[in-house]
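Here is how the chains run, residue by residue.
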Protein chains: 2
Amino acid sequence: MGPVRLLLLLVLVAAAAAGVGEAVYIPYNTSAGMVPGKLNVHVVPHTHDDVGWLKTVDQYYVGSNNSIQGACVQNVLDSLIPALLKDENRKFIYVEQAFFQRWWRNQNDMIKDTVKGLISAGRLELINGGMCMHDEAAVHYIDMIDQTTLGHRFIKEEFGQIPRIGWQIDPFGHSAVQAYLLGAEVGFDAFYFFRIDYQDRDTRKGTKELEVIWRGSKTFGSSADIFAGIFPQNYEPPPGGFYFEVDDDSPVVQDDPLLFDYNVEERVNDFVAAALAQDGRVNALYSTPSIYTDAKYAANEPWPLKTNDFFPYADNPNAYWSGYFTSRPALKRYVRMMSGYYLAARQLEFFKGRRNSGLTTDYLGDALALAQHHDAVTGTEKQHVANDYAKRLSIGYTQAQDLVSTSLGCLTESGSKSRCSSPTTKFSQCLLLNITYCPPSEMDFSNGKSLVVLVYNSLGWKREDVLRVPVSSDSIVVHDSEGREIESQLLPIADASLNLRDKHVKAYLGTSPNAKPKYWLSFPVSVPPLGFITYLVSNTKKSAITSFTNKFTNVKIEANFEQKYKYYIGQDGNGSDPQASGAYIFRPNGTVPIKTNDQITRVYKEKDYVETEFIVGPIPIDDGNGKEIATEIITNMVTNKTFYTDSSGRDFIKRIRDYRSEWKIEVHQPIAGNYYPVNLGIYLEDGGKELSILVDRSVGGSSIKDGQIELMLHRRLLHDDGRGVAEALNETVCLDGHCEGLVIQGKYYLKFDPQGEGAKWRRTFGQEIYSPLLLAFSEQDGGNWVNSHIPKYSAMDPTYKLPDNVALLTLQAGEHKDLSSLASVDLKKVFPDNKIGKIIETSLSANQERVAMEKKRLKWKVEGAPAKENVVRGGPVDPSKLTVELGPMEIRTFIVSLDHNISGKQLL
Amino acid sequence: MGPVRLLLLLVLVAAAAAGVGEAVYIPYNTSAGMVPGKLNVHVVPHTHDDVGWLKTVDQYYVGSNNSIQGACVQNVLDSLIPALLKDENRKFIYVEQAFFQRWWRNQNDMIKDTVKGLISAGRLELINGGMCMHDEAAVHYIDMIDQTTLGHRFIKEEFGQIPRIGWQIDPFGHSAVQAYLLGAEVGFDAFYFFRIDYQDRDTRKGTKELEVIWRGSKTFGSSADIFAGIFPQNYEPPPGGFYFEVDDDSPVVQDDPLLFDYNVEERVNDFVAAALAQDGRVNALYSTPSIYTDAKYAANEPWPLKTNDFFPYADNPNAYWSGYFTSRPALKRYVRMMSGYYLAARQLEFFKGRRNSGLTTDYLGDALALAQHHDAVTGTEKQHVANDYAKRLSIGYTQAQDLVSTSLGCLTESGSKSRCSSPTTKFSQCLLLNITYCPPSEMDFSNGKSLVVLVYNSLGWKREDVLRVPVSSDSIVVHDSEGREIESQLLPIADASLNLRDKHVKAYLGTSPNAKPKYWLSFPVSVPPLGFITYLVSNTKKSAITSFTNKFTNVKIEANFEQKYKYYIGQDGNGSDPQASGAYIFRPNGTVPIKTNDQITRVYKEKDYVETEFIVGPIPIDDGNGKEIATEIITNMVTNKTFYTDSSGRDFIKRIRDYRSEWKIEVHQPIAGNYYPVNLGIYLEDGGKELSILVDRSVGGSSIKDGQIELMLHRRLLHDDGRGVAEALNETVCLDGHCEGLVIQGKYYLKFDPQGEGAKWRRTFGQEIYSPLLLAFSEQDGGNWVNSHIPKYSAMDPTYKLPDNVALLTLQAGEHKDLSSLASVDLKKVFPDNKIGKIIETSLSANQERVAMEKKRLKWKVEGAPAKENVVRGGPVDPSKLTVELGPMEIRTFIVSLDHNISGKQLL
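Here is what the cut-offs are and how they apply
Residues numbered from 1 in each chain as written. Chains lettered and ligands numbered in written order. Predicted model: local features only at pLDDT ≥ 70, side-chain atom pairs only at ≥ 80, totals over all residues. Heavy atoms only, no water. Helix = DSSP H or I, 4+ residues; strand = E, 2+ residues; numbered from the N terminus. Buried < 20%, exposed > 50% of the residue type's maximum accessible area, 1.4 Å probe, protein only. Polar contact = N/O pair within 3.5 Å; in protein donor to acceptor, adjacent residues only side chain to side chain. Contact = heavy atoms within 4.5 Å. Pairing = 2+ DSSP bridges. Buried area = accessible area lost by both parts, 1.4 Å probe. Salt bridge = Lys/Arg side-chain N within 4 Å of Asp/Glu carboxyl O. Disulfide = S-S within 2.5 Å. Least-squares fit on C-alpha atoms with pLDDT ≥ 70 in both. Axes fitted to C-alpha atoms, helices over the stretch in contact; angles between N-to-C directions. Parallel < 35°, antiparallel > 145°, perpendicular 65-115°, else oblique. Left-handed = near helix turned anticlockwise from the far one by under 90°. Nonpolar A, V, L, I, M, F, W, Y, C, P; charged D, E, K, R; others polar.

J.: What's the story with the side chain of Asp 753 of chain A in this structure? I'm lost.
T.: Residue and element names in this part refer to chain A. Looking at the element boundaries, Asp 753 is found in strand S35 (residues 744-754). Judged by its relative accessible area of 7%, Asp 753 is buried. There is a polar contact of 2.3 Å between the side chain of Asp 753 and the side chain of Lys 751. Not counting chain neighbours up to four residues away, the residues in contact with Asp 753 comprise Lys 689, Glu 690, Gly 758 and Trp 761.

Take a look at the structure:
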């Protein structure tokens, strides 16, 4: 949210009192630096260029579709350079690398040299440095890192610069992960942001705690502290009309005394007035957040401490921005699917040997980066812009899919050793498996052909799972790569699923599927870490369907619970308070239970969790009401208002209903105000057991009553909520000229554990949800697949596995008694096929050496006595041993030189 | 009307067929020139930057008040220069010098040098070249010349350039004077424009007569022909989305293949499609109207002939833009008053010796130039913009008034010989005399002081007139400068006038007047040409009021006539055709007679015309209807649908009701479609006599019935007419928190003459209306004014007078049997006090020598046999004789070197 802008920010306040008002040209004194003894006002002209919102990113860039919004980012950049050249004291910060890169590649060498000079002089500072100003509620931390790394890498390569400052001035609330992981661990010295709850803001204004040290991680404690500056009012400068966006109402500084409305004196007076609200004599200077940060640091003073996060955000008593935690659930799922796929595809790109031309994952990486923008995955953009993000993901997926198929072809033909680009073996994949559409698996076995199912595991540990693929035959047998028959099952396909399939395949592909599959073929698989295994599916005389029993539901459930659905009526904004429920804001106006018989709940043999598949929609609106559909899980647990939700998919944070840990809340919205973003999961505990729910995408969730958890699954609303998007969140799918409400299909996973034991499942299985097994299909004509192909592969040493508490993630301090401890990873076993040369540990975004980063990073003082801390971090890597230690929750990033390639790898 | 824009114009049509569509960067082939055998498409990027409309001129320039309209002209100019530098084939034309000059004076030498290079290379062409794109209906030709000269002088001095092309693409109709005087006589080779009646346009499209030779003057015939190109549709390029204004809907050319919506191929196809509508193979080139004109000329072909003008303009059957002929009658009068005052003030500036600093008429000249813009004096701007024009005029007047007072002080003390800047004698002037407010003349005579009334005549002939000034005494005597008592009269002041006075003095000055005057003192004056005379007004014992009789009404009127008032109900736009009557459009919905007793009609002794003073307003709107007030003069003359109105205050053009001379009209609006602009006057003739009416400002007028003339005097409307201004024309005056409708006061003058004799009065008295006697007041304390001051002055030789048919104007060919002939002016007599050195005849805007202009001006061919012409123009000036010959209607401009100064003087 928020338009393309070029505005004047007063990070502090005050005025240049140089002589003004004479009717002659004013030679502004712009050369001032900071002056001791005065209040120094840092004037920071900056961008806030939405990477899509009311227009698509490219429309914003080129300035098209201006009837929606007059905005053209290339003009901002074009005009910026001469403006900086005109006065050597002027400074500017540019934030969004997606735009900057678009512009940069069209500049000639002369402009590029000029810009490089401005950047190296610190006059043009590339700040934040990611492709976009990412959201912090609906975004997974892996996506945050990826999109930031993409931008940082460019800045490093092109300019040799390392961004020092976080700048998240528009996201609708702020996560702890942002502060410590995307702040401190990226090497930022400070983090400036806005959009915090209006009550919190008012409290902080009173106590002068808008500038704090934010300690976002319990595990890392003070080692990941960051100086955090909260804007007093949105991303706006202090009141008084200093909002210099194109087309804004603020009076421009009209400094030509020969024209009417010359207002330099008046504007200076306004500036002084705004400054005097902070008291004292003032001095103004062109500045950047870096200069400001250094000045703050030089004061050598202690700052108040802030822990946890800034969710949920409300800008008014009845305006909690907790609707967007769920808005556009299909887009949110698409982003999450692509995120996991991207991780797997990059591994396969690495195994095959990355090339900079031809097939790469770059497009998908770029599309995913854009999708993390705070008006992208949030669902708060206009419909056509949401379509644009989806289109980019689709193009990126198509390219990545070809890469994955090629890489798998190469790996099955020859392993990872040689460069291979055109394997004979062709693999297909099934993006639409979620709607029961997979032509390769629906093949006709009657002519003696078999289906080859390759299962790739992108995690660092061996995985057991149960696959489901649609098949057209009712007599099927499955063999593993060693020729052993695998127990399999044919399950009926629900009518609801087939209906979804027919409609959406046509909507997605433009043509209806030729045939209907008859069954789900279901069979268990066991896949090596960072590797694949192959299964063969073929015809058999005996009909497998007879074996369909309830044999996979053999599990003890330790607690009684009830699963229900309900909907909230979206406030229509016609009451005395005209705030409607909309894309941003959740404002329920009554709750109605939903009776349903269609819920699909699966409990798998040897899996001790419940998988619930839901299909929600089309949400009826013929009664004139928008509706927001939630599922609730009701238990008799005594939870004392307390529940836990994850922070950007990583740490879990304790939430207490109708309560904020650092300020006193006045409750106006007892439901919306207790909703929190859920990326990984939500859990309850009652001293005896834990109830955990994990999700397949970001949603809003809460515990509105003790013992209860609810997740908002889908929203369809008929009114705009007045935050600029100017569209109702009313998603439809149109086919053959007929449109109906969007249908959402998804899953959540539920598990009861003894108290203290849930963390392991939440971490491990949560990672499996994020990184599902990747399926690829081929055909065997005749029976010698195994002879001509490598049927099983692991990039890791087959004798090695990552420690239980490492895998591709680590565990939070105190989260699990055994697993929250130092672990070590033997890199030689992880990369057995490659000779490891140089290894350099870097910052999280890989743009600087970790040692250098830690050395130069500012160490801030916190008010009060230092807390006793027991921070465990891994030590330096001994190049001869190549063993990496990982402390709890630690993420370490290395640039590793390998014999066949130089590539980066992150251990998560 | 019309927003700030930067658009692509296709003057002809067609496409560059260079290879496009490859997904690589396109090296556009922009170097093409014209190609023989193809249809050459001239692509002309140009400005159309309104010098005020929805925002004030300065707001447009600096980009403030953008909530009304996103527009910032300095950005256009800032971005233009690098854009031109990027490709040496690009070209641009800049039109409005008011903006260009604002920008220019803020540029550094580097930019200035760059711009000079671009201009001298013909890549940036300053076209039209006036301060604004002036209106052509409500603007007096003297103002047209002045505002054009201001711009041309700057272009000549700064760049050594002479604009070649007229470019009036937005004014709402076009005058003959524009074509021949502001076109040919300025030295333009061609004139491009739009806004002509939709029926005329459609006819011309059919007959391919959108490009013509326009012969706007009967008198000058082919010697003032100009090539005239009419745009096919507004100022727009051909259909197909080539309208590249900021914020417009036309798809921008998105030429970055790495971004979405890359559309070069599609846009080229659109371009080709638009081109193919003109047939043939095409070739596109960056161009300017100059290049285009030269290409047209090189074809050496004859063109259809167009005579007369393009009024009134309609863009739809019920949308005649004849409302703006009258809209904002107070502003129109203010502009006209200032125009006449400016002429007088420049003479006095010249007599005193012009200085470039200190007091000048420059500000008033600049304010007047802006006020000629086609959304200024037209009344089609927003209210706050109208206020801005008035404010500029007020500031300009104040400066000019001080200059005039100083100059008169100097002249009365020492004549024109010496440089004088601070005379002892102080003169006051009375701008508010029209509302009976003149503190100097209302002085108290009881202490023996006398009032000195200086009367200045800015015309070249001696004038007899009757003055009226308010006085507070009832016993007054007037003496001339030779001590002779002058017959005077005290006349009662109408209550209506006193009410107007009290209210408007407070509204204008902020305080109420202290006292009320008792009478109008009226006395006849006789003033030398280009000079002044002084009268002394003092107390007497005998009461002059007793002499009040009807003695000034001794005149024979040759015809019976009736003067009436009526109003039209303004169409509210709620009918099936939603076109309302508004600032632009006159669309009456019924006529209602008005009964009035308040009309003041004066007939002066020895004056054979009738002066009618009207006070109209506040127009009541409590019935919910907007109203448009007209006066009508009804006679029994048999006029056969025919009447005559002036063209921009100069030529008279024959009008026939419900008829157009060059195309067949379908009549939808029998009233609005017969309205024409009246700047000077309107007349009827019936073979025996003429009825002439002259006006004090521009108004709309017509003869709706035979024998009748009507003038629209005031308009108050409640609906916007949908042409962008988005305000109803509902002018109010607010005082003490109470607002009421604007009151208009004004005069018109009526005379009957024998057939063929009216022209002399229309010309001579018309010029006297334009240039009223200028009054200045001083006090005499004691009785020796005459001894210490020069009481009478003429800049001309006292023994010389301009010929009857010259004065400061000439007469139209055939207009008057005796006066329409060659006249000669003896410059030595006009400037007796100055030695005349060099004399150079120039173009009308004084930016080039006439000889050079005539030599290089393109001579166009007209279709058909050449007409027999008898064009009389004066011959070259013999430097030894210094006698200037003037043909009928001729305006010759000379730069004359005088001994005490070098200055310019126009003989009109």
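Moving on from the model shown.
J.: Help me understand helix H7 (residues 198-207) of chain A, please; the structure alone is not making it clear to me.
T.: Given 3.6 residues per turn, any residue in an α-helix points the same way as the ones three and four places further on. All names here are of chain A. By the burial criterion, the buried members of H7 are Tyr 198, Gln 199, Asp 200, Arg 201 and Arg 204. Contacts from the buried residues of H7 go to strand S7 (211-215), strand S8 (226-230), strand S11 (305-307), strand S12 (314-316) and strand S13 (319-320). The N-cap residue of H7 is Asp 197: its side-chain oxygen and the backbone nitrogen of Gln 199 are 2.6 Å apart. After H7 finishes, the residue Lys 208 shows a positive phi value of roughly 55 degrees.

J.: Would you take a moment to explain the pairing of strand S6 (residues 190-193) of chain B for this structure?
T.: If a strand is regular, its side chains alternate between the two faces of the sheet. Residues and elements named next belong to chain B. Neither face of S6 is exposed, since Ala 190 and Tyr 192 on one face and Phe 191 and Phe 193 on the opposite face are all buried. Two strands pair when backbone bridges link them, and strand S5 (residues 165-168) and S6 are joined in this way by four bridges, in the parallel orientation. Among the inter-strand pairings, Trp 167 is bridged to a residue of S6, identified as Tyr 192. Pairing between S6 and strand S8 (residues 226-230): four bridges, direction parallel. Considered in S8, the bridge of Tyr 192 is made with Gly 229.

J.: Honestly, the interface of chain B and chain A in this entry has me stumped. Any pointers?
T.: Where interface size is quoted, it is often the accessible area lost as the parts come together. With 28 residues of chain B at the interface, the matching set in chain A holds 29 residues. Here chain B meets chain A over a buried area of about 2400 Å², counting both sides, of which 52% is carbon and sulfur. Together, Asp 247, Leu 259 and Phe 260 of chain B form the three largest contributors to the area buried by chain B at its contact with chain A, with a combined 27%. At the junction of chain B with chain A, the criterion picks out one salt bridge. Applying the counting rule to chain B against chain A returns four residue pairs in polar contact (both at pLDDT 80 or more). Of all elements in the fold, only helix H1 (57-62) and helix H12 (383-414) of chain B reach the threshold of two or more residues within the side of chain B that touches chain A.

J.: Would you explain the state of the cysteines in this entry?
T.: Here is the idea: a disulfide is a covalent bond, and it sits between the sulfur atoms of two cysteines. Residues and elements named next belong to chain A. Under the counting rule described, the total for this entry stands at four disulfides over all chains. One disulfide bridge connects Cys 734 with Cys 739, the sulfur atoms lying 1.9 Å from each other. Measuring the twist about the S-S bond at about 105 degrees, one finds the Cys 734-Cys 739 disulfide to be right-handed. On the basis of relative accessibility, which here comes to 43%, the residue Cys 734 falls in the partly exposed class. Here Cys 132 stays free of any disulfide, with the sulfur of Cys 72 as its closest cysteine sulfur at 20 Å.

J.: Help me understand the relation of the copies chain B and chain A in this model?
T.: For the pair of chain copies, the relating operation is a rotation around an axis with a shift along it. Expressed as a screw transformation, the operator carrying chain B onto chain A has a rotation angle of 179 degrees and an axial translation of 0.0 Å, and the superposed copies differ by an RMSD of 0.1 Å. Overall, the copies show the geometry of a two-fold rotation axis.

J.: When you look at the packing of helix H10 (residues 329-352) of chain A against helix H12 (residues 383-414) of chain A in this model, what are you seeing that I'm missing?
T.: To describe two helices that pack against each other, one gives the angle between their axes and the distance between the axes. All names here are of chain A. Where H10 meets H12, the closest approach of the two axes is 9 Å, and the angle between their N-to-C directions is 30 degrees. Between H10 and H12, the angle falls in the class roughly parallel. For the pair H10 and H12, the crossing hand works out as left-handed. Of the residues contributing to the contact of H10 with H12, the split by class is 17 nonpolar, four polar and two charged.

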